[in-house]
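# An overview of the molecular structure
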Amino acid sequence: MESSVQKACWGLTFRMVLGFAGFLGLVYLFGGN
């Protein structure tokens, strides 16, 4: 139970970080040009 919940939290955190990094990348690309 605990391990599955922890894994789900890690997956959510990873997707949030990935999405945030992608957003920053887009802002950097469009802002730089």
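What you see is a predicted model; the values in this text were computed from it and never measured.

Calculation rules
Residues numbered from 1 in each chain as written. Predicted model: local features only at pLDDT ≥ 70, side-chain atom pairs only at ≥ 80, totals over all residues. Heavy atoms only, no water. Helix = DSSP H or I, 4+ residues; strand = E, 2+ residues; numbered from the N terminus. Buried < 20%, exposed > 50% of the residue type's maximum accessible area, 1.4 Å probe, protein only. Areas by Shrake-Rupley, 256 points an atom, 1.4 Å probe, with all protein chains shown as cover. UniProt positions renumbered as here; feature names shortened; annotations may be inferred. Patch = residues over 30% accessible without salt bridge, like charges linked within 9 Å, V, L, I, M, F, W, Y side chains within 5 Å. Salt bridge = Lys/Arg side-chain N within 4 Å of Asp/Glu carboxyl O.

### Here's the deal with the overall build of the protein
When its secondary structure is counted, the protein shows one helix and zero strands. Viewed in the frame of its principal axes, the protein has a C-alpha envelope of about 50 × 5 × 5 Å. For the protein, with 33 residues in total, the buried portion stands at 0%. Only carbon and sulfur atoms are counted for the fraction: they give 75% of the accessible area of the protein, which is about 3300 Å².

### A short note on the UniProt feature "transmembrane region" (unreviewed entry) in the protein
The residues that UniProt annotates with the feature "transmembrane region" (unreviewed entry) are residues 12–31. As annotated, residues 12–31 comprises 100% helix and 0% strand, and the C-alpha atoms at either end are separated by 28 Å.

### Overview of the environment of Thr13
The topology assignment puts Thr13 in helix α1 (residues 2–32). Along the chain, Thr13 and Gly25 lie twelve residues apart, while their C-alpha atoms are 18 Å from each other.

### Remarks on a nonpolar patch on the surface
A contiguous nonpolar patch, built from Phe20, Phe23, Leu24 and Val27 and spanning about 410 Å² of accessible area, is present on the exposed surface. Relative to the elements of secondary structure, Phe20 occurs in helix α1. When its relative accessible area of 51% is taken as the criterion, Phe20 is described as exposed.

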